[in-house]
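A closer look at the structure
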Amino acid sequence: NDVQSNFAGLAELLPMVATDDRTVIITSVNEAFARSGSLLGLFRESFFAGEKIDHFLNHLLVVAMDPMAYRHCRTVHRFCYLLPTTKTSMDLSSASDFMSDAYVELVWTKLELQQRVLQLGYSFLFTDVDILWFRDPFRHIGVHADMATSCDVFSGDADDLSSWPNTGFYYVKATNRTVEMLRRWRAARRRFPRNHEQTIFNNIKHELAGAGSDLRIRVQFLDTARFGGFCQLFRNDMARACTMHANCCIGMANKVSDLRDVLGQWRNYTVMAPAEKMKAKAAGRSFEWRVPAKCGTPDKRP
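What counts, and at which threshold
- Residues numbered from 1 in each chain as written.
- Predicted model: local features only at pLDDT ≥ 70, side-chain atom pairs only at ≥ 80, totals over all residues.
- Heavy atoms only, no water.
- Helix = DSSP H or I, 4+ residues; strand = E, 2+ residues; numbered from the N terminus.
- Buried < 20%, exposed > 50% of the residue type's maximum accessible area, 1.4 Å probe, protein only.
- Areas by Shrake-Rupley, 256 points an atom, 1.4 Å probe, with all protein chains shown as cover.
- Axes fitted to C-alpha atoms, helices over the stretch in contact; angles between N-to-C directions.
- Parallel < 35°, antiparallel > 145°, perpendicular 65-115°, else oblique.
- Left-handed = near helix turned anticlockwise from the far one by under 90°.
- Contact = heavy atoms within 4.5 Å.
- Pairing = 2+ DSSP bridges.
- Phe/Tyr/Trp six-rings, centres within 6.5 Å; stacked < 30°, edge-to-face > 60°.
- Lys NZ or Arg CZ within 6 Å of the ring centre and 35° of its normal.
- Salt bridge = Lys/Arg side-chain N within 4 Å of Asp/Glu carboxyl O.
- Nonpolar A, V, L, I, M, F, W, Y, C, P; charged D, E, K, R; others polar.
- Disulfide = S-S within 2.5 Å.

As named in an unreviewed UniProt entry, the chain is Nucleotide-diphospho-sugar transferase domain-containing protein, taken from Aegilops tauschii subsp. strangulata.

Here it is as structure tokens:
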């Protein structure tokens with residue numbers, strides 16, 4: 001189905017937000033995520049705490065799912081886009097439970113918007129708002145990749161389709177092939193009802209990127225050691241970290257609490273003297289993240 005007419009005002013906004021090479025960073029928020037003291041504030045804070053990455057905020061489009069989220073967004077950020085109400089017939093303002101009808105509707109609407117961004121000739125890096133940024137992620141995305149995605153489980157090989165993608169953080173290069181990829185991804189929803197987009201992408205990744213695929217999309221799986229999350233924490237070293245995702249975490253208060261703690265750990269790490277870091281490295285000590293107090297799978301809780 002055609003997505004061109006569905007996103008009024010988007011085509012006018014993108015040139016203002018995009019980088020010189022026509023790339024836009026996108027996140028999405030509802031009222032619960034955008035309000036003061038919640039995830040949007042923490043997310044933006046991480047860009048200032050990170051290593052010379054605050055300029056990326058000039059290229060960040062915050063997609064608001066409801067009018068209140070849009071109002072919150074406008075008070076802290078320059079580029080906010082309110083999803084047209086025709087797209088969101090249900091109330092998407094609360095902290096929707098994972099896999100509730102509203103949540104599932106939300107992720108498919110995001111995908112439709114992302115397809116439109118590609119059609120307009122812009123590449124995008126989508127990032128969930130419960131992800132903290134520390135370093136420039138683009139330095140780790142291969143020039144040949146049509147798509148690069150973070151993982152819930154990483155096999156150790158960037159090209160290995162057996163990794164489990166986490167589409168809470170993923171990059172797509174604007175080409176005719178990737179527009180078609182998103183079209184097929186959205187169409188696959190009918191074959192796998194009541195599923196969210198990440199599971200369905202995992203189900204059809206071989207059709208899109210496997211040896212027998214007519215599309216032959218080149219997918220790069222990003223190492224969880226750099227693009228970490230609470231699902232797979234045990235290989236993470238702050239010296240290499242680009243991002244940290246509060247995945248495997250239920251409940252907004254839990255996410256906010258543990259991400260705030262992660263940001264505190266990062267700040268302690270960054271104020272250490274370089275000599276101190278070198279000494280620790282020479283002694284074979286890595287700077288590992290603490291296990292989250294409230295999030296993570298049960299085996300990762302203290």
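This brings us to the overall build of the chain. The helix and strand inventory of the chain stands at 9 helices and 10 strands. Scored against the burial criterion, the 302 residues of the chain give a buried share of 54%. Taken as a whole, the chain presents about 13700 Å² of accessible surface, with 52% of it coming from carbon and sulfur.

What follows is about the packing of helix 3 (residues 39-49) against helix 8 (residues 252-270). Put simply, helix 3 and helix 8 touch, their axes get as near as 10 Å, and they point 10° apart. By the angle class used here, helix 3 and helix 8 are roughly parallel. Along this stretch, helix 3 crosses helix 8, giving a crossing that reads as left-handed. Contacts from Leu39, Leu42, Glu45, Ser46 and Ala49 in helix 3 reach Met252, Lys255, Val256, Leu259, Arg260, Leu263, Trp266 and Arg267 in helix 8.

With mixed pairing, 7 strands are arranged side by side in an open sheet as 3-2-1-4-7-6-8. Strand pairing shows two members of the sheet lacking a second neighbour, strand 3 (80-82) and strand 8 (219-221), which therefore form its edges. The mean angle between the axes of side-by-side strands here comes to 35°, regardless of whether they run parallel or antiparallel. Relative to strand 7 (residues 164-172), strand 4 (residues 123-127) runs antiparallel, the two being bridged by 4 bridges. By the bridge assignment for strand 7, Phe126 is matched with Tyr170. With respect to the sheet, helix 1 (residues 10-17) is in contact with strand 1 (23-29), strand 2 (60-64) and strand 3, its orientation differing from that of strand 2 by roughly 150°. Sitting on the sheet, helix 7 (residues 197-209) touches strand 6 (147-153), strand 7 and strand 8, and the angle it makes with strand 7 is about 75°.

So, about the packing of aromatic side chains. Tallied over the full model, the rule gives 15 aromatic pairs. Both rings, one in Trp266 and one in Tyr269, keep their centres 5.6 Å apart while their planes meet at 40°; by these two values the pair is tilted. With Trp266 and Tyr269 both in helix 8 and 3 residues apart, this pair spans about one turn of that helix. Tyr269 shares its class with Trp266; the two are buried. The ring of Tyr122 has Arg22 sitting right over it, with the charged end atom 4.1 Å from the ring centre.

Let us now look at the pattern of salt bridges. In this structure the tally under the stated criterion is 13 salt bridges. The salt bridge partner of Glu207 is Arg191, with a shortest N-O separation of 2.6 Å. One end of the pair, Glu207, is in helix 7; the other, Arg191, is in the loop between helix 6 (176-187) and helix 7, with 16 residues separating them in the sequence. The class for Glu207 is partly exposed, based on a relative accessible area of 40%. Note on Arg191: relative accessible area 48%, which makes it partly exposed. Within this structure, Glu180, Arg183, Arg184 and Asp214 form a network of salt bridges that share partners.

Next up on the list: the packing of helix 6 against helix 7. One way to put it is that helix 6 packs onto helix 7 with a least axis distance of 10 Å and a crossing angle of 120°. One finds that helix 6 runs oblique with respect to helix 7. Seen from above, helix 6 lies across helix 7 with right-handed handedness. Residues Met181, Arg184 and Trp185 of helix 6 form the contact with helix 7, whose own contacting residues are Glu197, Ile200, Phe201, Ile204 and Leu208. Here the contact of helix 6 with helix 7 is composed, by residue class, of 6 nonpolar, no polar and 2 charged.

Another aspect to go through is the state of the cysteines. Counting across every chain of the model gives 3 disulfides. Disulfide partner of Cys231: Cys248, at an S-S distance of 2.1 Å. Between Cys231 and Cys248 the disulfide shows an S-S torsion of about 100°. By sign, it is right-handed. Of this pair, Cys231 sits in the loop between strand 9 (227-229) and strand 10 (243-245) while Cys248 sits in the loop between strand 10 and helix 8, and the two are 17 residues apart along the sequence. Cys231 sits in the buried class, given a relative accessible area of 12%.

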